[in-house]
Amino acid sequence: MRNLNWFKPISINGKPGRRLSLGEYERAVSWSKYLVSSGAEIKGEDEEEWSADMSQLFIGFKFATGRHSRIYRGVYKQREVAIKLISQPEQDENLAIFLENQFISEVALLFRLRHPNIITFIAACKKPPVFCIITEYMSGGSLRKYLHQQEPHSVPLNLVLKLALDIARGMRYLHSQGILHRDLKSENLLLGEDMCVKVADFGISCLESQCRSAKGFTGTYRWMAPEMIKEKHHTKKVDVYSFGIVLWELLTALTPFDNMTPEQAAFAVCQKNARPPLPSACPQAFCHMIKKCWSKNPDKRPHFDEIVSNLETYMEAYNEDPKFFCHYVPSSRYTTALKCLPKCITEQ
Ligand SMILES: Nc1ncnc2c1ncn2[C@@H]1O[C@H](COP(=O)(O)OP(=O)(O)OP(=O)(O)O)[C@@H](O)[C@H]1O
């Protein structure tokens, strides 16, 4: 029997929700016939624990779309959530299998992750040909959307630092769990209230020991490390490369390789070792970090431990002296002195 709770207009924070339009209602009805759980199809490792109780789920309106998904707002067990619905196409068996495997892998990874800078997984539901993933709702939307609303080069340095540190902490945790994200970009970084950033979209993530070729992930070429574009063996360092591009985005509020198609960008990165231009006014501390992160040689890219530690040092120095970025000279004795400075102060 259909669960009509799904189609009640949702109420969020006491404010009445919007009633679904006829089109949205019809789409929701067509999706719901697959999603209303009989409980019979719940199988597999951990599924008992992550399987959503559909009687507790209220679906609202669609607010975003992915390549193969639609994202709805909703309420699950009294909590505001985002509901990602993925539907398998009837006509394309290979894509259907790919999407099912992607769903299984994304849920298996998300289920185990708990960190303030990683999107919080709430529940999921598997009713082929439709799958859903329920996560906390991030009211600020994507970092990409936020940056596109800013004037180029206008994000204040203390905010760049805070956002970069949130992302780097989330990524350090992810790597400590042996997981490669492989699709780190501003669109997959979500903002909460108080401008906290969380890493999201683990659709093509993998355990380092099990990662295979990245064939077909053409949509993310602008952020993709050359070894991954070339479908070569790749390591955690592909995420460090992407972090370098994200840091460039934070400083410029621009889209990388804006004047090129994703394929042209991929060619330029691999064949000409091209990178987005660093702004002339880019503080040395950031220029140095960005260049190291997007080095051609993955071994020259730092680990997230080092990135977090450097960003924390910059943050402390900036809080002490907002002119810190004007004085900073990379890889000098000044940097070493800076690193021991807080210790020296506390030891006195
Ligand atoms: N929990 C959330 N809270 C707020 N917005 C979200 C949330 N999850 C996703 N979104 C929005 O939906 C967009 C697409 O989500 P997501 O990247 O997870 O879908 P996808 O199907 O994997 O997309 P693609 O394959 O195109 O990368 C995000 O860029 C973001 O704007």
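Keep in mind that this is a model prediction, so the values were computed, not measured.

The next thing to look at is the overall build of the chain. Each helix and strand counted, the chain has twelve helices and twelve strands in total. Residues classed as buried in the chain amount to 49% of the 348 residues present. Residue pairs at least 24 apart in sequence account for 65% of intrachain contacts in the chain once pairs closer than 6 positions are excluded. When the accessible area of the chain is evaluated, it comes to approximately 17,400 Å², of which 50% is carbon and sulfur surface.

Taken as a whole, this structure holds ten aromatic pairs when the rule is applied. A ring pair is formed by F63 and Y137, whose centres lie 5.5 Å apart and whose planes are at 90°; its orientation type is edge-to-face. Taken together, the positions of F63 in strand β3 (residues 57–65) and Y137 in the loop between β7 (130–136) and β8 (141–142) put the pair 74 residues apart, joining distant regions of the chain. Aromatic side chains F243 and F304 sit 5.4 Å apart centroid to centroid with 80° between the ring planes, which places their arrangement in the edge-to-face category. With F243 in helix α7 (residues 237–252) and F304 in helix α10 (residues 304–320), this pair connects stretches of sequence that are 61 residues apart. Members of the aromatic cluster, each reached through a chain of ring pairs, are F286, Y314, Y318, F324 and F325.

Moving on, we get to the site of the ligand. What surrounds the ligand is a group of 18 residues, the closest being R67, S69, E136, E187 and D201. Taking S69, its side chain carries an N or O atom lying 2.4 Å from an oxygen atom of the ligand. D201 places a polar side-chain atom, nitrogen or oxygen, 2.8 Å from an oxygen atom of the ligand. Taking 620 Å² as the accessible area of the ligand by itself, protein coverage stands at 86%. One can see that the ligand is located within the largest pocket. At the level of elements, β3, β4 (69–76), β5 (79–87) and β7 are the ones that each hand at least two residues to the shell around the ligand.

Quick look at the domain arrangement of the chain now. The domains assigned to the chain are domain 1 (50–136) and domain 2 (141–326). The distance between the C-alpha centroids of domain 1 and domain 2 comes to 25 Å. Listed as interface residues are 18 residues of domain 1 and, on the opposing side, 23 residues of domain 2. Taking both partners together, domain 1 and domain 2 bury about 1,500 Å²; carbon and sulfur atoms supply 60% of that area. For the pair domain 1 and domain 2, the number of links is three salt bridges. Across the pair D183 and R67 runs a salt bridge, and its minimum N-O distance is 3.8 Å.

So, about the nonpolar core. One finds L143, I167, F243 and L311 to be the most contacted residues of the largest nonpolar core, which totals 81 residues. Looking at this core element by element, the count peaks at eleven residues for helix α5 (residues 157–176). Counting residues domain by domain, this core receives three or more from each of domain 1 (50–136) and domain 2 (141–326). When near neighbours in sequence (up to four residues on either side) are disregarded, L311 contacts L161, A164, L165, A168, F243, F286 and M289.

Reading the values: rules and limits
- Residues numbered from 1 in each chain as written.
- Predicted model: local features only at pLDDT ≥ 70, side-chain atom pairs only at ≥ 80, totals over all residues.
- Heavy atoms only, no water.
- Helix = DSSP H or I, 4+ residues; strand = E, 2+ residues; numbered from the N terminus.
- Buried < 20%, exposed > 50% of the residue type's maximum accessible area, 1.4 Å probe, protein only.
- Contact = heavy atoms within 4.5 Å.
- Areas by Shrake-Rupley, 256 points an atom, 1.4 Å probe, with all protein chains shown as cover.
- Phe/Tyr/Trp six-rings, centres within 6.5 Å; stacked < 30°, edge-to-face > 60°.
- Near = heavy atom within 4 Å.
- Polar contact = N/O pair within 3.5 Å; in protein donor to acceptor, adjacent residues only side chain to side chain.
- 1 Å grid on protein atoms, 1.4 Å probe; cavity = no way out; pocket = protein on both sides within 12 Å on 5 of 7 lines; lining within 4 Å.
- Sits in = over half its atoms within 2 Å of the grid points.
- Domains from an automatic or database assignment.
- Buried area = accessible area lost by both parts, 1.4 Å probe.
- Salt bridge = Lys/Arg side-chain N within 4 Å of Asp/Glu carboxyl O.
- Core = buried A, V, L, I, M, F, W, Y, C linked by side-chain atoms within 4.5 Å.

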